[in-house]
Amino acid sequence: MIDKRITDIDRAVADVFDGAVVMVGGFGPAGQPAELLDALIRRRPRELTLISNNAGNGDYGLAALLKAGCVKKVVCSFPRQVDSWVFDDLYRRGEVALELVPQGNLAARIQAAGSGLGGIFTPTGFGTQLAEGKETRRIDGKDYVFETPLRADFALIKALKADRWGNLVFDKTGRNFGPIMATAAACTIAQVSETVALGELDPEAVVTPGIFVQRVVQVATARKESA
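Rules of the game
- For every chain, the first residue of the written sequence is number 1, and numbering continues from 1 onward in sequence order.
- Confidence filtering applies because this is a predicted model: local features only for residues at pLDDT of at least 70, side-chain atom pairs given and counted only at 80 or more, and all residues used for totals across whole chains, interfaces and linings.
- As a rule here, side-chain values cover all heavy atoms of the structure and leave hydrogens and water aside.
- Segments assigned H or I by DSSP are reported as helices when at least four residues long, segments assigned E as strands when at least two residues long, and all are numbered from the N terminus.
- Per-residue accessibility, obtained with a 1.4 Å probe over protein chains only, is compared with the maximum for each type, and a residue is labelled buried under 20%, exposed over 50%, and partly exposed between these values.
- Between two residues, a contact is recorded if the distance between any of their heavy atoms is within 4.5 Å.
- Salt bridge, as used here, is a side-chain nitrogen of Lys or Arg placed within 4 Å of a carboxyl oxygen of Asp or Glu.
- Pairing between strands is defined by DSSP: at least two bridges between the two strands are required.
- Each axis is a line fitted through C-alpha atoms, taken for helices only over the stretch in contact, and angles between the N-to-C directions span 0 to 180 degrees.
- Identification of polar contacts relies on pairs of N or O atoms within 3.5 Å, with a donor-acceptor requirement for protein atoms, meaning one able to donate a hydrogen and the other able to accept it, and with residues adjacent in sequence counted only if both atoms are side-chain atoms.
- In this text, buried Ala, Val, Leu, Ile, Met, Phe, Trp, Tyr and Cys residues form a nonpolar core when linked through side-chain atoms within 4.5 Å.
- For patch detection, residues must exceed 30% relative accessible area and be free of salt bridges, and they are connected within 9 Å for like charges or within 5 Å for nonpolar side chains (Val, Leu, Ile, Met, Phe, Trp, Tyr).
- Calculation of accessible area relied on Shrake-Rupley with a 1.4 Å probe; when residues are assessed, cover is drawn exclusively from the protein chains displayed.
- Assignment of crossover handedness uses the view with strands pointing away from the viewer, where a clockwise path from the first strand over the helix to the second indicates a right-handed crossover.
- Given a helix with a known number of residues, its expected span is that number minus one, times 1.5 Å.

Enquirer: Can you help me understand the side chain of Thr-208 in this one?
Expert: Tracing the sequence through the fold places Thr-208 in the loop between β10 (185-195) and β11 (215-218). Since its relative accessible area comes to 1%, Thr-208 is described here as buried. Those residues in contact with Thr-208 that sit more than four places away from it in its chain are Gly-166, Asn-167, Leu-168, Phe-170, Pro-179, Ala-182 and Val-213.

Enquirer: Explanation requested: the pattern of salt bridges in the structure shown.
Expert: In a structure, side chains of opposite charge can pair up when their charged atoms sit close to one another. All told, the structure shown has 14 salt bridges when counted by the stated rule. Across the pair Arg-5 and Asp-3 runs a salt bridge whose closest N-O atoms are separated by 2.7 Å. By relative accessible area, which is 33% here, Asp-3 ends up partly exposed. The salt bridge involving Lys-134 is made with Glu-147; its shortest N-O contact spans 3.0 Å. Residue Lys-134 is located in the loop between β5 (120-122) and β6 (136-139), and its partner Glu-147 is located in strand β7 (residues 142-147); the two are separated by 13 residues in the primary sequence. Via salt bridges that share partners, Lys-73, Glu-99, Arg-109, Lys-134 and Glu-147 belong to a single interconnected network.

Enquirer: Looking at this model, I keep getting lost on the sheet that holds β7. Mind explaining?
Expert: The pairing of strands in a sheet comes from backbone hydrogen bonds and takes either a parallel or an antiparallel form. Pairing in this open sheet of three strands is antiparallel, and the strands run β5-β7-β6 from one edge to the other. In the strand order of this sheet, the two ends are held by β5 and β6, each with one partner. Each neighbouring strand pair of the sheet contributes to a mean axis angle of 40°, computed without reference to strand direction. Bridging between β5 and β7 involves three bridges; their strand directions are antiparallel. Considered in β7, the bridge of Ile-120 is made with Glu-147. Lying on the sheet, helix α5 (residues 103-114) is in contact with β5 and β7; it crosses β5 at an angle near 165°.

Enquirer: How do you make sense of the environment of Gly-94 when you look at a structure like this?
Expert: Position of Gly-94 among the secondary structure elements: in the loop between α4 (85-92) and β4 (97-100). Judged by its relative accessible area of 61%, Gly-94 is exposed.

Enquirer: I would appreciate a short explanation of the side chain of Gln-191 in the present structure.
Expert: Relative to the assigned elements, Gln-191 resides in strand β10. One polar contact links the side chain of Gln-191 to the main-chain amide nitrogen of Leu-36, over a distance of 3.0 Å.

Enquirer: Which parts of the structure should I look at to understand α4?
Expert: Every buried residue of α4 is listed here: Val-86, Phe-87, Asp-88 and Leu-90. Where the residues of α4 are buried, they touch α3 (62-67), β3 (71-76) and β4. Among the residues trailing α4, Gly-94 stands out with phi positive, at a value near 75°.

Enquirer: Sorry if this is basic, but what is going on with the nonpolar core here?
Expert: Here is a general trend for soluble globular proteins: nonpolar side chains tend to be buried in one another's company. The biggest cluster of nonpolar side chains holds 36 residues, and the ones touching the most others in it are Val-13, Val-16, Leu-66, Val-71, Val-74, Leu-156 and Ile-189. Among residues more than four places away in sequence, those in contact with Val-71 are Leu-48, Leu-50, Leu-65, Leu-66, Glu-95 and Val-96. In terms of nonpolar packing, the next biggest core, distinct from the first, is built from 26 residues, Val-75, Phe-170, Phe-177 and Ala-185 among them.

Enquirer: Explain a nonpolar patch on the surface here, please?
Expert: Together, Ile-2, Trp-165 and Leu-198 make up a nonpolar patch on the protein surface, roughly 290 Å² of accessible area in all. Here Leu-198 shows up in the loop between β10 and β11.

Enquirer: Just to check I follow, could you spell out the pairing of β4 for this structure?
Expert: Look at any regular strand and the pattern is simple: side chains alternate between the two faces of the sheet. Two strands pair when backbone bridges link them, and β3 and β4 are joined in this way by four bridges, in the parallel orientation. Bridging from a neighbouring strand, Val-75 pairs with Glu-99 of β4. In this region the chain leaves β3, passes through α4 and returns to the parallel neighbour β4; the handedness of that crossover is right-handed.

Enquirer: So what exactly am I meant to see when it comes to the environment of Arg-46 here?
Expert: With respect to the helices and strands, Arg-46 occurs in the loop between α2 (34-43) and β2 (48-51). For the pair Arg-46 and Cys-70, spaced 24 residues apart in sequence, the C-alpha to C-alpha distance is 4.4 Å.

Enquirer: Would you explain α5 in this entry?
Expert: Quick reminder: α-helices carry 3.6 residues per turn. Residues three or four places apart thus point the same way. In this model, α5 (twelve residues) spans 17 Å end to end at C-alpha, consistent with the 16 Å of a helix rising 1.5 Å per residue. Taken residue by residue, α5 has Asn-105, Leu-106, Ala-107, Arg-109, Ile-110, Ala-112 and Ala-113 as its buried positions. Where α5 terminates, the next one or two residues include Gly-116, which has phi positive at roughly 75°.

Now the structure itself:
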């Protein structure tokens, strides 16, 4: 019987190893799997490469993971915000590296990995420092830069509901990067607010099929952050 539910959130992230590449869903707080990140901090892996939309807010979630010394490199679009003091401090002290990726390119590179593509040509970033050292090409009179796929060992994402097969339904903007990250990771761990019996999810509402999800953890106290 297929049952991907795990009752112990710490056990769900117990095999995240030192040096792993970890994708984390979320658009700021919306859709960020805060409780999974708390469990990962308790696990204390080292030298992680973090792929996310931003580099953390305040002192919780992604910022707390950075503050715990678990991350060696961040791949993201928005590393600096008014409340990104944790990343700012670590970066200025040379304790964390940064690969800055335009948001559209970030999504497209993750999608490329999930689709099994070897990379994409995009006009975004052409002629800027972000294109230095990368292949460029003129196609139909327009200049493009080649970007490689972004893959991960683990994806930590947040959804609203799941069944035991791992089919996921998201909540409004909480959907953001979670679905594409699930396709681009070797192991996807989904934090959800509710689990339901098979057949209770409307198939038309399922965004991420269970084939892309390896573990489901129900977190009753998960913050509802969406708009």
